[in-house]
Structures are given as C-alpha cells and as structure tokens.
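So you can see what is in the structure, the chains are spelled out below.
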Amino acid sequence: MCDVENEINSEKIGFIGAGKICRTLAPNLNSAGFNIHGVYSSNKSSSHNICKLISNECKPYQTPQELVDNCDLIFITTPDDSIQKVTESIKWRGNMGVVHCSGAGTSFWLYKAKSDGASVASYHPLQTFSNDNSDITLKNVYFAIEGDLSLIEYLKNVTDKLGGFPLSIASEHKLLYHVSAFMSCGLIATVIGKAVDIWKSIGYSEKQALDFLTPLMEQTIHNVSQNGVLDSLTGPISRGDIGTIKGHIDSLKKHKPSLLSTYCALSLANISIELERKTDKTLEEIELLLKSTISAIHTESVA
Ligand SMILES: NC(=O)c1ccc[n+]([C@@H]2O[C@H](COP(=O)([O-])OP(=O)(O)OC[C@H]3O[C@@H](n4cnc5c(N)ncnc54)[C@H](OP(=O)(O)O)[C@@H]3O)[C@@H](O)[C@H]2O)c1
C-alpha cells in the first residue's frame, strides 16, 4: 500500500464487519480526516447503519471482494474466529494494506492477504466498545500494533491523528497481552456482576446496586491508577482480619455457595500481592483457610 504520509487522508478505507468496534473506529477515523469509503457486513442493515453514521460518500457494499477491490486499506472487524476465514475468501493485491483489530491474534491471521502481496498488521485499541459507544473518542487510548514495518509506520500515523498512542507488542506476546486486557475489562465487569448478584439476593435491583457501588468502584480505579496496586489494596486481607474472612466464608456457604470458590480464588490472588509487601503469620493463616475451603469445595463436588 501507499505509505506516503501526505497522502494518508486520500487513501480509501473499507471495513469488513459492522459491529461494535467499527461503529466507533470508522466515525473516529472519518472525523480525523480519513476517507471511509465503504463497509461490508454479513447483515446488510448493519453496513447501512454505519454508513449513515459517517457520510454520504461512505457506501454499503454487497460483497467483501467488491469493497476490497475499491479500497487501499481494509480493516477486518469481524469476531476473532471469522478473521482468517474472511481473509481466505478474498483475492487481495499488492499496494494495499489489510488490518485486523483483535488483541489476541497476530498479523499471521492475515497470511492469505500477505501471500497475495498485501501488507498486513494487527491494530488493537486497548479500549472497550459496547453497542452505544459510537460517540466515544479514541483520544489517549493505546493501540497495540504489530505486523509489516511499512504498515506499522502508517498505523502509528493513524493513531497520532486519532489522539491515541502506539504500543509495540511482539507477536509472541500478543496472547499474554490480551489476557491482561481481558482481566482489566471483561473480568473486572464479571467480578462487579458477582458483587451485584449479592445485592439482588438481599432485595435490591441491579440499578440500585450499581448506584451504591459506583463511588467505591470509581475511587478504587482512581487509587490504583494514581498510587499503584499495592497502595490501593484495602480490606480484611490487607488488615489481617482473619475473623472477618471466616465470617465471609460462613455467610457465603449459607447464602451464596456458588460464589465461594470465586471468592477464595480472588482472595488468594489478593494475598499473593500482599505478600510482595510483607510476610506475616496472619496472612499465612488466611491463605491456609482459603486453600482448605477450596479443597473442601472440590471434595464435595466429586463426592
Ligand atoms: N468490542 C470491543 O470492545 C473490542 C475492543 C478491541 C478489539 N476488538 C476486536 O474487534 C473485532 C470486532 O469485535 P466487535 O466487538 O466489534 O464484534 P461484534 O460487535 O460482534 O461485530 C462484528 C460484526 O461483524 C459482522 N460479521 C460477522 N461475521 C462476518 C463475516 N463473516 N463477514 C462479514 N461480517 C461479519 C457481524 O455484523 P452483522 O451480522 O451485524 O452484519 C458482527 O456484528 C474483534 O477482532 C475484537 O477482538 C473489540
């Protein structure tokens, strides 16, 4: 593909897969002056909806091949498991770029495009996009970029224009990098979901629970990002309150047994971080208590 910086805005960009990330990335690129030429998605109405968000010049395409034949750069924004299949179904050409946005996969997923002569890269915004996020900006977001050098340089320029920051992740580290992203987003939301379940079991709605918990969650995220992990750990494990931990375990056994193993596993992770700060007898006792609770759960489940 053409990598002349001055021509960056004249290159025709296409998207295959009109879902959540496309709904944010395509309008943001358009606002940054890039030419979003067209969209193809398995469902026609999805492509139409994205084009409407962008401009009259952005066209919904009937086939991915037609879109590719009319673009200089293609973002494949289908679910991860479809990226290779989509790439293999298309005849690519030299002098064009092909990018996917998965955090888990490398540019190797685009090997068919590469063998047809295209430049390939993976381009993962370290941000979360849900269905109603089309108006969020990508300012200050980090983008993990990996792939062919000329395309990496081009994508660094794109990132700069979006107000984000490029992040270099070697292909052999991409999966681990993605585990970290998943833990900081989907798994945090999962833990919150489990905390909300407790409120529901004592008669409050999800909305009420989230209203009650939000100041606590926001302050926690603020503390972690400003002061680091160790200085933000509070709660009975940091204080060494083994009596409180015993109380939690008894209460969960009685009222929420399905949450017990998650509670113990997360508490053990909490201890492993606390141990970076100090080793003391109470922490070891709490660790023992949690481990014996987990093994009792396993014994009961096989009995
Ligand atoms: N969402 C995030 O927070 C996020 C963050 C960073 C990176 N990513 C990455 O971005 C990529 C897309 O994720 P997403 O969350 O946007 O997924 P998504 O909301 O599920 O959207 C993907 C869309 O692709 C379309 N599609 C599926 N199979 C297709 C095919 N074979 N050909 C053409 N279109 C197809 C579907 O659209 P229709 O059926 O409606 O046409 C679907 O809505 C993934 O690689 C993901 O890892 C996502």
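Residues numbered from 1 in each chain as written. Predicted model: local features only at pLDDT ≥ 70, side-chain atom pairs only at ≥ 80, totals over all residues.

A word on the site of the ligand
So, point 1. If you check the shell around the ligand, you find 25 residues, and the closest are G17, G19, S41, N43 and S46.
So, point 2. When residues of the shell around the ligand are traced back to their parent elements, those giving at least two are α1 (20–31), α4 (80–88) and β6 (119–125). (Near = placed C-beta within 6 Å. Helix = DSSP H or I, 4+ residues; strand = E, 2+ residues; numbered from the N terminus.)

Thoughts on helix α9 (residues 206–227)
So, point 1. Taking 1.5 Å per residue, 22 residues should reach 32 Å; α9 reaches 30 Å between its end C-alpha atoms and fits that length.
So, point 2. The sharpest bend along α9 comes to roughly 45°, located at L213, with the proline P215 sitting one to four residues further on.
So, point 3. Along α9, only zero of the 22 residues are buried, which leaves the element largely exposed.
So, point 4. One or two residues past the end of α9 sits G228, with phi positive at roughly 90°. (Expected span 1.5 Å × (residues − 1). Bend = angle between axes of the 7 residues up to and from the residue. Buried ≥ 20, exposed ≤ 12 C-beta atoms within 10 Å, placed from the backbone.)

Some remarks on the domain arrangement of the protein chain
So, point 1. Along its sequence, the protein chain is carved into domain 1 (5–172) and domain 2 (184–302).
So, point 2. Put simply, the middle of domain 1 and the middle of domain 2, counted by C-alpha atoms, are 39 Å apart. (Domains from an automatic or database assignment.)

Section: the environment of I286
So, point 1. By secondary structure assignment, the location of I286 is in helix α13 (residues 281–302).
So, point 2. In this structure, the C-alpha to C-alpha distance between I286 and I237, residues 49 residues apart in sequence, is 7.7 Å.
So, point 3. Excluding residues that lie within four positions of it along the chain, I286 makes contacts with I237, I242, I245 and I271. (Contact = placed C-beta atoms within 7 Å.)

A short note on the nonpolar core
So, point 1. Residues V39, I74, F75, V98, A121 and L155 are the most contacted members of the largest nonpolar core, which totals 50 residues.
So, point 2. Residues contacting L155, with those up to four places away along its chain left out, are A121, Y123 and I145. (Core = buried A, V, L, I, M, F, W, Y, C linked by C-beta atoms within 7 Å.)

Details of the environment of H48
So, point 1. Mapped onto the elements, H48 comes out in helix α2 (residues 44–54).
So, point 2. Under the C-beta neighbour-count criterion, H48 is labelled partly exposed, with 14 such atoms within 10 Å.
So, point 3. Distance in space between the C-alpha atoms of H48 and Y61 is 9.0 Å, their sequence separation being 13 residues.

Side note on the sheet that holds strand β8 (residues 165–168)
So, point 1. Spatially, eight strands are ordered β3-β2-β1-β4-β5-β6-β7-β8 in an open sheet, and the strand pairing comes out mixed. Looking at the sheet topology across the chains shown, the edges are occupied by β3 (59–60) and β8.
So, point 2. Pairing of strand β5 (residues 97–100) with β6, which is carried by four bridges, proceeds in the parallel orientation. By the bridge assignment for β6, G97 is matched with S119.
So, point 3. Sheet contacts for helix α6 (residues 149–162): β5, β6, β7 (142–147) and β8; angle to β6, the most-contacted strand, approximately 35°. (Pairing = 2+ DSSP bridges. Axes fitted to C-alpha atoms, helices over the stretch in contact; angles between N-to-C directions.)

Looking at unusual backbone geometry
So, point 1. Located in the positive-phi region is N95, a residue other than glycine, with phi close to 60°.
So, point 2. Phi angles above zero are rare outside glycine, and N140 is one such case at about 70°.
So, point 3. Summarising the element assignment, N140 is placed in the loop between β6 and β7.

Notes on α13
So, point 1. For α13, built from 22 residues, the straight-helix expectation of 32 Å at 1.5 Å per residue is met to within 8% by its first-to-last C-alpha distance of 32 Å.
So, point 2. Three or more residues of α13 are buried, namely L283, I286 and L290. The arc that holds the buried residues of α13, viewed along the axis, is 65°, so those residues lie on one side. Among the exposed residues of α13, those oriented more than 90 degrees off its buried face are K281, E284, L288, S292, S295, T299 and V302.
So, point 3. On the buried face of α13, the contacting elements are α10 (236–239), α11 (242–255) and α12 (260–277). (Arc of directions from axis to C-beta.)

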